[in-house]
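Inside the fold
The lines below spell out each chain.
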Amino acid sequence: MPTDSSEVSVATARRDLEALSAAGIPVYPQPGRHGGWQLVGGARTDLSGLSSSEAQALFLLAGPAAASSDEVKAALRKLLRALPETYRTEAQAAAGATHIDPARWGEHGRDRPGGLPQLQEAVVRQQRVRFGYKGAEREAEPWGLIDKDGVWYLIAGTDRGRRTFRLDRITGPTVTGQTFTRPAGFTLDTAWDQVVGTVEERRARTWATLLIPERFLWVLRDHFGRHCHPGELLGDGRVHVRVGAPTPRDIARTLSGCGATVEVLNPPEVRAELARIGAELAALYPAG
């Protein structure tokens, strides 16, 4: 008898079900004359399509954001209900596993810019915005938003090309309703890397070479960040280091608190600034 092409053989069905089981779907075989394959008690199909590790990663990332957003809280609750029961406990634990405190020690936390919601909506809907900036009215295509250590920036297209705006300097943002299309090939992370590169280059126009005991190298790294480059370690335990800042005075101000722990080899401009600072302090606080 000819076989209906729509039928699936028992062997094929068994192979497919075993593959589902190996992939983490909670199904198991029930032997016997009236047996078959069943879902584990209480389990159901995964409406989200996420694996256990993917769900955990998502809840770890989104959990801290839920503390300040009712919409994120509601979304996570819905997603949690859509997950298989076997995933829920770890996903729920992941949502509360991380707390983000954006304020540095001794500082107050920064408030989110007032115009952020309007700009986020404009970015998502690809609608032009009009706003005040440094006393002038601007209109731009909002391509993306950046949160850098609590300071928000807008990368946008203008009639003068791509520009970067600090949100705390933007006033009265208004969505115009006029749509736009982002440039072909534009990615926010690449654009921001270019901005960071330009800014950091400006922040390190002056370089100084100095000696410091290796055990205090962390102090320079803490102050100068990416503009601190350790070099050769000498026999006396000191290490050559190059540090960069906008001006010789900026470097001298940072190093003056280290006293004689740091010896600046060059340039002469930084040594002169340190001498000036030292002379001023000696005159203000004479010995004896």
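Structure's up top.
For every chain, the first residue of the written sequence is number 1, and numbering continues from 1 along that sequence. Two thresholds apply to this predicted model, a pLDDT of at least 70 for residue-level local features and 80 or more for giving and counting side-chain atom pairs, whereas whole-chain, interface and lining totals are computed over all residues. To get the side-chain values, take all heavy atoms of the structure and skip hydrogens and water.

Digging into the pairing of strand 3 (residues 127-133)
For each residue, the accessible area found with a 1.4 Å probe, counting protein chains only, is set against the maximum for its type, and the residue is called buried under 20%, exposed over 50%, and partly exposed in between. Comment: elements are numbered from the N terminus, with helices defined as DSSP H or I runs of at least four residues and strands as E runs of at least two. In terms of residue burial, strand 3 counts as a mostly covered element, since 6 of its 7 residues are buried. As paired elements, strand 3 and strand 7 (residues 170-179) share 5 bridges and run antiparallel to each other. If you follow Gly 132 over to strand 7, its bridge partner there is Thr 171. Relative to strand 4 (residues 136-148), strand 3 runs antiparallel, the two being bridged by 5 bridges. If you follow Val 129 over to strand 4, its bridge partner there is Ala 140. For two strands to pair, DSSP has to find at least two bridges joining them. In this structure, the hairpin formed by strand 3 and strand 4 is closed by a connection of 2 residues, where Lys 134 is found at a positive phi of approximately 55°.

What about the packing of aromatic side chains?
Ring geometry is summarised as follows: Phe, Tyr and Trp rings, the Trp one being its six-membered ring, pair when their centres sit within 6.5 Å, and such pairs are stacked at plane angles under 30 degrees, edge-to-face over 60 and tilted between the two. Within the structure shown, the criterion is met by 4 aromatic pairs. Look at Tyr 153 and Trp 192: their rings are 5.3 Å apart centre to centre, the planes differ by 40°, and that puts the pair in the tilted class. You can see Tyr 153 sitting in strand 5 (residues 151-158) and its partner Trp 192 sitting in helix 6 (residues 188-202), a full 39 residues away along the chain. Through successive ring pairs, a cluster of aromatic residues spans Phe 131, Tyr 133 and Phe 165.

Concerning the packing of helix 8 (residues 248-256) against helix 9 (residues 268-284)
The relative placement of two packed helices is expressed as an angle between their axes plus a distance between the axes. Note on method: axes are straight lines fitted to C-alpha atoms, helices fitted across the in-contact stretch only, with angles between N-to-C directions ranging 0 to 180 degrees. Put simply, helix 8 and helix 9 touch, their axes get as near as 8 Å, and they point 50° apart. Considered as vectors, helix 8 and helix 9 are oriented oblique to each other. Remark: the crossing between helix 8 and helix 9 carries right-handed chirality. Side by side, helix 8 and helix 9 meet where Pro 248, Arg 249, Ile 251, Ala 252, Arg 253, Leu 255 and Ser 256 of the first sit next to Glu 269, Val 270, Glu 273, Leu 274, Arg 276 and Ile 277 of the second. Considered class by class, the residues forming the contact of helix 8 with helix 9 number 7 nonpolar, 1 polar and 5 charged. Should an angle lie under 35 degrees it is considered roughly parallel, over 145 roughly antiparallel, and from 65 to 115 roughly perpendicular; all remaining angles are considered oblique. The sense of a crossing depends on the near helix, which, turned anticlockwise from the far helix by less than a right angle, makes the crossing left-handed and, turned clockwise, makes it right-handed. Residues are treated as being in contact if the distance between any of their heavy atoms lies within 4.5 Å. For this classification, the nonpolar set comprises Ala, Val, Leu, Ile, Met, Phe, Trp, Tyr, Cys and Pro, the charged set comprises Asp, Glu, Lys and Arg, and every other residue, Gly included, is treated as polar.

A word on the sheet that holds strand 3
Read across the open sheet, the 5 strands follow the order 6-5-4-3-7; overall the sheet is antiparallel. Two strands in the sheet have a free side with no partner beyond their single neighbour: strand 6 (161-166) and strand 7. Taking each pair of neighbouring strands and ignoring which way they run, the sheet shows an average axis angle of 45°. Contacts from helix 5 (residues 116-125) reach strand 3, strand 4, strand 5 and strand 7, with the element oriented near 90° to strand 4.

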